[in-house]
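Close look at the chain arrangement
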Amino acid sequence: MSHDTTLDPGIRGDLPLRIVMVGHVDHGKSTLIGRLLHDADALPEGRVAQVQKSSDARGVGFEWSFVIDALQAERDQGITIETSRLSFATERRRIEIIDAPGHGEFLRNMVTGAASADAAIAVIDVREGAVAQARRHLFLLSLLGVRKVVIAINKMDAVDWDRAAFDRVAGETRAYLAELALKPVAIVPISARGGDNVWTASNAADWHDGSSLRDALDALEPTPATENRPLRLAVQDVYRDGERRIIAGRVESGRVKVGDELAFLPGGQRARVATIEGWNEPVARIAAAAGQTVALTLDQKLFVARGHLAVTAGAAPDAVRRIRVRAFWLAQKPLLQGAELRLRVATADHRVTVVQIERAIDVETLAPVNADTIGSGQIADLVLEANEPMLVDIAADIAATGRGVLVDGHDVAGGCLVLDKLTTRARRAAARRNDLRPPPERLTQARRAEKSGHTGGVLWLTGLSGSGKSTLSLALEEQLFEEGWRAVVLDGDRVRGGLSSDLGFASEDRTENVRRVAETAKLLSDSGLLVIVALISPERGQRADARRIIGDEFREIYVEADLATCAARDPKGLYARAKARKLTGLTGVDSAYEPPLAPELVVDTTSLDGAASLARLADYVRSQFGCRSSTARVIER
Amino acid sequence: MNMLAPAPQQAPQSAPSNDHLDELENRSIWLIREAYARLKPLGMLWSIGKDSNVVLWLARKAFLGRVPFPVVQLDTGMELPEVYAFRDRIVQEWNLGLRIETCPPESEMDPTLPPATRAAARKTAGLQALLERERLRGVLVGIRRDEQGTRAKERVFSPRSLDGNWDVTKQPAEFWDHYRTDFPVGAHVRVHPLLDWTELDVWRYTRREAIPIVPLYLAQDGKRYRSLGEKNVTFPVASNASSIDEIIAELETTRVPERAGRSIDSETEDSFERLRQAGYM
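Being a predicted model, the structure only gives us computed values, none of them experimental. (Residues numbered from 1 in each chain as written. Chains lettered and ligands numbered in written order. Predicted model: local features only at pLDDT ≥ 70, side-chain atom pairs only at ≥ 80, totals over all residues.)

To continue, consider the overall build of chain B. The helix and strand inventory of chain B stands at 8 helices and 8 strands. With 281 residues in all, chain B has 55% of them scored as buried. Taking as baseline every contact in chain B between residues at least 6 positions apart, the subset at least 24 positions apart corresponds to 73%. (Helix = DSSP H or I, 4+ residues; strand = E, 2+ residues; numbered from the N terminus. Buried ≥ 20, exposed ≤ 12 C-beta atoms within 10 Å, placed from the backbone. Contact = placed C-beta atoms within 7 Å.)

Turning our eyes to something else, we now look at the packing of helix 2 (residues 50-62) of chain B against helix 6 (residues 199-209) of chain B. All names here are of chain B. At a minimum axis separation of 10 Å, helix 2 and helix 6 run at an interaxial angle of 50°. Relative to helix 6, helix 2 is oriented oblique. The hand of the helix 2/helix 6 crossing is left-handed. Of helix 6, the residues touching helix 2 (which contributes K50, D51, V54 and W57) are V202, Y205, T206 and E209. Residues of the contact of helix 2 with helix 6, tallied by class, amount to 4 nonpolar, 1 polar and 3 charged. (Axes fitted to C-alpha atoms, helices over the stretch in contact; angles between N-to-C directions. Parallel < 35°, antiparallel > 145°, perpendicular 65-115°, else oblique. Left-handed = near helix turned anticlockwise from the far one by under 90°. Nonpolar A, V, L, I, M, F, W, Y, C, P; charged D, E, K, R; others polar.)

All names here are of chain A. The parallel open sheet is built from 5 strands, whose spatial order is 25-26-24-27-28. Each having just a single partner strand, strand 25 (487-491) and strand 28 (601-604) make up the two edges of the open sheet. Each strand axis lies, on average, 20° off the axis of its neighbour in the sheet, ignoring direction. Sheet analysis places strand 27 (residues 554-560) next to strand 28, joined by 4 bridges and oriented parallel. Bridge pairing links Y558 to V602 in strand 28. Docked against the sheet, helix 12 (residues 507-526) engages strand 24 (457-462), strand 25 and strand 26 (530-534), running at close to 160° with respect to strand 26. Sheet strands in contact with helix 16 (residues 610-625) are strand 24, strand 26, strand 27 and strand 28, and its direction is about 165° off that of strand 28. (Pairing = 2+ DSSP bridges.)

This next bit is on the domain arrangement of chain A. How big an interface is tends to be reported as the loss of accessible area on association of its parts. Each domain of chain A was delimited in the assignment, giving domain 1 (9-219), domain 2 (232-312), domain 3 (319-428) and domain 4 (445-625). Of note, the centres of domain 2 of chain A and domain 4 of chain A, computed from C-alpha atoms alone, are 50 Å apart. (Domains from an automatic or database assignment.)

Attention now goes to the domain arrangement of chain B. All names here are of chain B. Partitioning chain B into domains gives domain 1 (20-166 + 183-198 + 268-277) and domain 2 (214-264). Each of domain 1 and domain 2 was reduced to a C-alpha centroid, and the two centroids are 21 Å apart. Within the residue set of the side of domain 1 that touches domain 2, elements represented by two or more residues are helix 3 (81-93), helix 4 (115-134) and helix 8 (271-277). It is helix 4 that contributes the most residues to the side of domain 1 that touches domain 2, 4 residues altogether. Looking at side-chain class alone, the side of domain 1 that touches domain 2 contains 10 nonpolar, 5 polar and 4 charged residues.

Moving on, we get to the sheet that holds strand 8 (residues 244-253) of chain A. Two orientations exist for strands paired in a sheet by backbone hydrogen bonds: parallel and antiparallel. The strand order 7-8-13-11-10-14 (chain A) describes a closed barrel built from 6 strands, whose pairing is antiparallel. Across the sheet, the mean angle separating the axes of adjacent strands is 50° when strand polarity is ignored. Here strand 7 (residues 232-241) of chain A pairs with strand 14 (residues 309-312) of chain A via 2 bridges, running antiparallel. Each bridged residue has a counterpart across the sheet, and for A:L233 the counterpart in strand 14 of chain A is A:A310. Of the strands in this sheet, strand 7, strand 8 and strand 13 (293-298) of chain A touch helix 1 (residues 20-38) of chain B, which is tilted by about 60° from strand 7 of chain A.

On to the confidence of the model for chain B. All names here are of chain B. Summarising the model, chain B shows a mean pLDDT of 84, and 87% of its residues fall at 70 or more. Across residues 1-18, confidence stays below pLDDT 50; counting only partners more than four residues off in sequence or on other chains, it has 51 contacts. Taken together, the chains of this predicted complex give a pTM of 0.70 and an interface ipTM of 0.87. (pLDDT = per-residue confidence, 0-100.)

Turning our eyes to something else, we now look at the environment of A:G113. Positionally, A:G113 belongs in helix 4 (residues 107-114). Taking the C-alpha atoms as reference, A:G113 lies 6.6 Å from A:V20; in sequence the two are 93 residues apart.

Attention now moves to the packing of helix 4 of chain A against helix 5 (residues 132-144) of chain A. Residue and element names in this part refer to chain A. The contact between helix 4 and helix 5 brings their axes to 10 Å, and the two run at 45°. Comparing their axes, helix 5 and helix 4 come out oblique. The two elements helix 4 and helix 5 meet at a crossing, and its hand is right-handed. Two secondary-structure elements touch here, helix 4 through M110, V111 and A114 and helix 5 through H137, L140, L141 and L144. Considering only residue class, the contact of helix 4 with helix 5 consists of 6 nonpolar, 1 polar and no charged.

The next thing to look at is the nonpolar core. One finds A:I19, A:A114, A:A120, A:A122, A:A152 and A:I153 to be the most contacted residues of the largest nonpolar core, which totals 139 residues. Sequence-distant contacts of A:A120, defined by excluding residues within four places in its chain, comprise A:I19, A:V20, A:V22, A:A114, A:L141, A:V146 and A:V149. In terms of nonpolar packing, the next biggest core, distinct from the first, is built from 66 residues, B:A35, B:Y36, B:L42 and B:V233 among them. (Core = buried A, V, L, I, M, F, W, Y, C linked by C-beta atoms within 7 Å.)

Before going further, it helps to examine helix 1 (residues 29-39) of chain A. Residue and element names in this part refer to chain A. Most of helix 1 sits inside the fold, with 9 of its 11 residues counted as buried. Within the span of helix 1, buried status applies to K29, S30, T31, L32, I33, G34, R35, L36 and L37. In the stretch just after helix 1, D41 is the one whose phi turns positive, near 65°.

Before going further, it helps to spend a moment on the pairing of strand 6 (residues 184-189) of chain A. All names here are of chain A. Where strand 5 (residues 148-154) lies against strand 6, 5 bridges are found, and the strand directions are parallel. Bridge pairing in strand 6 places I151 opposite I187. This β-α-β element, strand 5 to helix 6 (residues 163-179) to strand 6, shows right-handed connectivity. (Right-handed = clockwise from strand over helix to strand, strands pointing away.)

Here's what the structure looks like:
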């Protein structure tokens, strides 16, 4: 629709206010939109007659929601599928309505609509209150950055405009919003169907102050732009124009002007802005502010590419590999700990591992809950780790570079806000790594493999205590030794006695222990040894860490045995001690074990005896790392 | 950070000195550059109408005068003569490397479609042939949400299956200016840089930038074309607006839908929806 009617030209240049409608599917959003457009006199000619015709054809009374339900499929199912945009004008300004569908499975559309809104109207049926779906929408609004919310308490006519009913729902909704640090702009009792308190105030509720929804919309102010933030310029592309390099990008926060010295991260090379290029512009631009696209040339030739971030020289954000985020998940496939995703922040694209699901958040009570998986529509705090340092900001400081989307395969599967940047011992060590200059190696991998008959590699045996990891690893080492291999075992208990004697068994200590074992295994593997690691390593995130540190030579071997079998074997007497309550934190008993989701090999020691388990593992090793084995390759998995 | 600490405010959409058209222009340029960076090979459809003229203009701005991808007209041979004359003039003046894709004849279209809708389906078929031959991964198209109800439901980056079909129930999430751009081989993406513009925005921008238009948009003898399509399925509407200023004044008060002169939209209740699901622009 394109009839923003008769605004005063003086405010014509103002931006339209974008409003998203949220709430439960049956609480009357579409009806309210139809009513608003009609009362604002914003419907195109013929639409009312068309709606009457559609309503008659389907045997319903005049159905306001048909006004926006342009798709036949929607009309027949009686639900709004897609985000659609409609506009009308008050005397003050133009307002665009984004209808966010309430149906649970259409969450993607709700997020799509809400993300571009300046403010929201939450429609709540007075008879039902703020049900789970409405609360989820409100929570998502707070994450998406929509801070201004008008509450329309609808269907007041169905409770005879009962003040107590209104106060109850208004109170509970206000309390919920307060927990999200949101304050409603207004709470209005309405009847969308009857038009009471929508466009004009109604006499139906003599206890109400006489303001309508339109008054509440008129009182909203668009979010003011803020330029007093540090410069973040996301590089989108680089174009060649003869000898010149033109850097295309967008100012995500702050300002940039000709002559400014910029640092391009992650490299950190510096140059000054020579020009801001344009085409068919009456005056050459000399500055750009947040939200503006730019095409820059620099006074020096630098290597710049998409995904780089330009900042004011000397004011770069800390780069970290590990961040804590608050995420919302949209994909049907649940999110699991250990999942490998891509995180896109501005134009940067990082491969990340979900090393920890810290907690999920119950949207009804806002209580943290333990969770192993995060389903569609759920909100959770996660720890993400990337291969390389990430240049992100804390979301509360700079929104545009403090939030991003999570991509699973081809799909945008969720979004997240950066809550914290995590720097641990290991991260600090990684930061120092740039200064290290290891001596060049004289022996090549090829020469080593030619001599020993195998390449280096790491078999990472994970499983419960008593599953047979140590026994199997020692037997394998012996067998390979007899065949002339250079093999070595790194056993959990031995490592704990020395290399990691300063660590306990808390999750963070176990993670550090895994890191040390993985780094050691990598050193040995790089020297051409076949390394057999026997370590419970109970968390998927820890094993994902190990895989990342070790790289292509890593093989996850799940030594599988059920808990009863392990407890019966009990080679170290641990299960007996746990049973007698002399030991706590035993994996599988009172500490979780997360079985691998896609191990390279499973050795089931409950069904296979020792010799068969060993044969299976040895065959696998020869097939993967052997160079001159004449035995046929074993097809695994 | 407090577990329930507030999320940040929305990123600023514009600097205070920016007006609405600047905001729209900045975002559309960003989208066109994004499409060029992420979807290779990319093409652009030019219908020679007011909207795609704006897209073409924005593409020239985005790449500083030179459009680095093919610009294609899906030609049914049925455009009004003024449209062809305008096309040939612009191709010459702008030194445009235009490709003309001749659409298959109406006799090859789905016979169950109403007559005018069948005529429009020729463009879908022409686009399909273009996509198959050029193996385009992305196509820039100048549609807007406010034109028509089904277009209101579009995404900015709108994925299409191998046969060009649009599945309105399975559209990806789009937020914070992140768009899905990875797709299985064979699928393509329609990119809609003008999706959030209104008809008035297009005219105000056309006026501000002095973008040339087909003269048929301006009234002659009490009639003008508000929306341009093939001569057999498009009709002028009553109007006295003989300049862009007058068009803008007219649109500020009109209640007639933009596509009122397009017969394909109203032949049956779902005719345009069926066209779009099958891959129409």
